[in-house]
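Overview (structure and organization)
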Amino acid sequence: PPPKEGWDFESLPWNLNCPDEHFYIHLTTTDEWNGTHYDAQSDSGEAVSAIKAYARTPLPLYPSTTSLNYGTTIWEGLKCFRVESGKAAVFRP
């Protein structure tokens, strides 16, 4: 459907053109998530120190990439079905 009339899309507050206001967390771990990654009581841990300013350390992706926000590229096109043993099988054409 066409966009609704009367909306000023240019003035919506998405801030996609203001990289100074964007941050991301670059955290690599091989362990399960625990208190060393983030401790809510002290607001400390590896996740806090892994916060990067997009303006100073940009990702090679634009912040509005849908796969970052919603994970849609992971699930798009997947088909799940049951095999004779009753287990679920996933297929991506």
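Up top is the structure these notes are about.
These figures come from a predicted structure and were not determined experimentally. (Residues numbered from 1 in each chain as written. Predicted model: local features only at pLDDT ≥ 70, side-chain atom pairs only at ≥ 80, totals over all residues. Heavy atoms only, no water.)

Scanning the protein from N- to C-terminus turns up three helices and four strands. In sequence order, the secondary structure elements of the protein are arranged as β-α-β-α-α-β-β. Within the protein, contacts between residues separated by at least 24 positions form 32% of all contacts whose residues are at least 6 apart in sequence. For the protein, the computed accessible surface area is about 8,300 Å², with 56% contributed by carbon and sulfur atoms. (Helix = DSSP H or I, 4+ residues; strand = E, 2+ residues; numbered from the N terminus. Contact = heavy atoms within 4.5 Å. Areas by Shrake-Rupley, 256 points an atom, 1.4 Å probe, with all protein chains shown as cover.)

What follows covers unusual backbone geometry. Positive phi is not limited to glycine here, since D43 has a value of about 50°. Within the secondary structure layout, D43 lies in the loop between β1 (23-25) and α1 (46-49). Accessibility expressed as a relative area gives 48% for D43, which makes it partly exposed. (Buried < 20%, exposed > 50% of the residue type's maximum accessible area, 1.4 Å probe, protein only.)

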